[in-house]
Amino acid sequence: MSKNTVSNRFRTVDVDEYDENKFVDEEDGGENQLGPDEAEVDSLIRQGNLMEALQAVLKNPPINTKNQNVKDCAEGLVLKVLSAFKSSDVDKGVQSLDKNGVDLLMKYIYKGFETPSDNSSAVLLQWHEKALSAGGLGCIVRVLTARKTV
Amino acid sequence: MSLHQFLLEPITCHAWNRDRTQIAISPNNHEVHIYQKSGNQWVKSHELKEHNGHITGIDWAPKSDRIVTCGADRNAYVWSLKDGVWKPTLVILRINRAATFVKWSPLENKFAVGSGARLISVCYFESDNDWWVSKHIKKPIRSTVLSLDWHPNNVLLAAGSCDFKCRVFSAYIKEVEEKPGPTVWGSKMPFGEVLFESGPSGVSGGAGDGAGGGWVHGVCFSHSGNRLAWTSHDSTVAIAEGGKTSTISSLSSETLPLLCVSFITENSLVAAGHDCYPVLFVYDGTKGSVTFGGKLDVPKQTSQRGISARERFQNLDRRATSSETTEQGLESLHKNSISQISVLEGGKSKCSTFCTTGMDGGMVTWDVKVHTHTTHYTHTQSDTLLYHWDGRRNGHMGRQGTHTTHYTTHTHSLTRYCTTGMDGGMVTWDVKVHTHTLHTLHTHTV
């Protein structure tokens, strides 16, 4: 047998990249999205104004940007705000959001689930329960079907 | 409403004949079974076996009494009844992937087939050669076409596809028809022209939305053809009005994705999907908003009986709550996802009955009483519809004790009733009770 058959390099070729019918998402210019304003959110947390902090941290979500740092930063910030809430206030916090806000919150919650740290999962689960009762199953479906997410 | 359980296999698709005495269904295999209504029973009268692959779409032309079927074997057949036997005629679609959906045009001189080959095949009959010819609409579809609907002018075709968009194409075939007049969707309509394309998710504004969207499962033109509704896999339902560019109103619903949708009046639509019950949506043209109108499946209220201590612990063990509801399964009539809705009577402008079939093999016919009137009691809408009160103790989707707003209908024999709920509120409702209903509406206890 010829020795050429030993080479397995062809197995690492991604054939889908060469498919001319490959579906490519539309590129939305997301270079300007910087995520929520860190200074503003920090100051609101320190003041104890958690409702405002929640609204502020859900502004400017870095959905379209390809910069992973911005996304990680935003996620950390959101987690900070969510942990700062008292358990009894979580419900009020969710009620203060509109439909799009609840969808966005759910996206952050699932993003947070992906990288659990010490106490984050417990906090996120609390928020998840309240967000689910406000947004319903449709909210979770939208997290699953979103092409571009936080 | 009445449920008929045809079989245990999913009904992939169904079609009714003109006087609604016969139904053609496909029991998730290569065949079409035609059932004839005799009294209260359905008797199988014909079996259409020609396809080599699963049948994905059936449509029955009411006037010319022809059935067109399409399947995963990349073929479509047009069936005609001759001497009590259905004879097939092969249609060469020239697609290299499965067909997914088929629909006769309003005048029944052509039909459109959606396919996984990222194109729509519009077929018409060429009498010189005595066979069906197909023309393709390819651009700019980038993925499987899931659903189609014709505009009443027989030329425009709406298509929902897996590339997250809903589009309106022109399917004008000069060999079989005259040049169409202008419509709200446009005036120049050469074959294959895109007259409308929905945005990524069709949402007007909103933080973070506009990116994403989901596969468009169902599309439907309204009776006049001026409005187009579609449901998408990201649990949204959207309506666009032709002419007003980028006026897309959409509603992110709280339910699981809806698979099929149909207009029942010019302002309201009924949709159903993975949640196994049909829901009503109401569209307000002046405000450009879509609102949830209510669920149309009021389950029988089980009698409130005390729950024994043993059952309480059993519930705790099984479901982690000691709640009293002994839900054996779904309370809706359908026990699995609903895949298709068809209007039975009244057309899309004043539908009075519609039918749903689903993956549980059942077919349910639903009655709707729709009236337009000008006086209003609780809302400022001029078009009002029947609503159903969800008698379940849990209320809607987690909103404990809140009442959803509904639009009420009034007829001569109107009844009023009052509900008091766990939120301490009291609301008076004007209700029209169904003639065929098996369920009665209950009041909560305060």
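This is a predicted model, so every value here is computed, not measured. (Residues numbered from 1 in each chain as written. Chains lettered and ligands numbered in written order. Predicted model: local features only at pLDDT ≥ 70, side-chain atom pairs only at ≥ 80, totals over all residues. Heavy atoms only, no water.)

(A) Representation of the confidence of the model for chain B in the model. All names here are of chain B. Residues of chain B with pLDDT of at least 70 account for 74%, and the chain-wide mean is 78. Note on residues 430-446: pLDDT under 50 across the span, and 47 contacts to partners over four residues away in sequence or across chains. Note on the complex model: pTM 0.78, ipTM 0.83. (pLDDT = per-residue confidence, 0-100. Contact = heavy atoms within 4.5 Å.)

(B) Representation of a nonpolar patch on the surface. Residue and element names in this part refer to chain B. On the surface, a cluster of nonpolar side chains totalling about 290 Å² of accessible area is made up of Leu-90, Ile-92 and Trp-131. Among the secondary structure elements, Trp-131 is positioned in strand S13 (residues 131-137). Exposure remark for Trp-131: the relative accessible area of 44% places this residue in the partly exposed category. (Patch = residues over 30% accessible without salt bridge, like charges linked within 9 Å, V, L, I, M, F, W, Y side chains within 5 Å. Areas by Shrake-Rupley, 256 points an atom, 1.4 Å probe, with all protein chains shown as cover. Salt bridge = Lys/Arg side-chain N within 4 Å of Asp/Glu carboxyl O. Helix = DSSP H or I, 4+ residues; strand = E, 2+ residues; numbered from the N terminus. Buried < 20%, exposed > 50% of the residue type's maximum accessible area, 1.4 Å probe, protein only.)

(C) Structural detail: the pattern of salt bridges. Scanning all chains against the criterion turns up 13 salt bridges over all chains. Here Lys92(A) ties to Asp89(A) by a salt bridge, and the two come within 3.6 Å at their closest N and O atoms. Sharing partners across several salt bridges, the network here consists of Glu31(B), Lys44(B), Glu47(B) and Lys49(B).

(D) View of the packing of helix H3 (residues 68-84) of chain A against helix H6 (residues 120-145) of chain A. All names here are of chain A. Interhelical geometry of H3 versus H6 gives an angle of 75° and a closest axis separation of 10 Å. One way to sum up the angle between H3 and H6 is to call them roughly perpendicular. Judged by residue contacts, Leu-79, Leu-82 and Ser-83 of H3 engage Ser-120, Val-123, Leu-124 and Trp-127 from H6. (Axes fitted to C-alpha atoms, helices over the stretch in contact; angles between N-to-C directions. Parallel < 35°, antiparallel > 145°, perpendicular 65-115°, else oblique.)

(E) How the structure looks around the packing of aromatic side chains. Residues and elements named next belong to chain B. One pass over the structure, following the stated rule, counts 16 aromatic pairs over all chains. Ring centres of Phe-111 and Trp-132 lie 5.2 Å apart, and the angle between their planes is 50°; this geometry places the pair in the tilted category. In this pair, Phe-111 sits in strand S11 (residues 110-115) while Trp-132 sits in strand S13, placing the two residues 21 residues apart along the sequence. Here the basic side chain of Lys-135 rests over the ring of Phe-191, its NZ or CZ set 4.9 Å away from the ring centre. For the cation-ring pair, Lys-295 lies above Tyr-277, with the distance from its terminal atom to the ring centre recorded as 4.4 Å. (Phe/Tyr/Trp six-rings, centres within 6.5 Å; stacked < 30°, edge-to-face > 60°. Lys NZ or Arg CZ within 6 Å of the ring centre and 35° of its normal.)

(F) The nonpolar core, seen in detail. Membership of the largest hydrophobic core comes to 33 residues, with the highest contact counts inside it found for Leu54(A), Leu82(A), Leu105(A) and Trp127(A). Only helix H1 (38-47), helix H2 (50-57), H3, helix H4 (90-95), helix H5 (99-114) and H6 of chain A provide two or more residues apiece to this core. Trp127(A) has contacts with Leu54(A), Leu82(A), Phe85(A), Val90(A), Val94(A), Leu105(A) and Ile109(A), leaving out every residue within four places of it along the chain. Ranked by size, the runner-up nonpolar core spans 18 residues in total, among them Ala158(B), Val216(B), Leu228(B) and Ile248(B). (Core = buried A, V, L, I, M, F, W, Y, C linked by side-chain atoms within 4.5 Å.)

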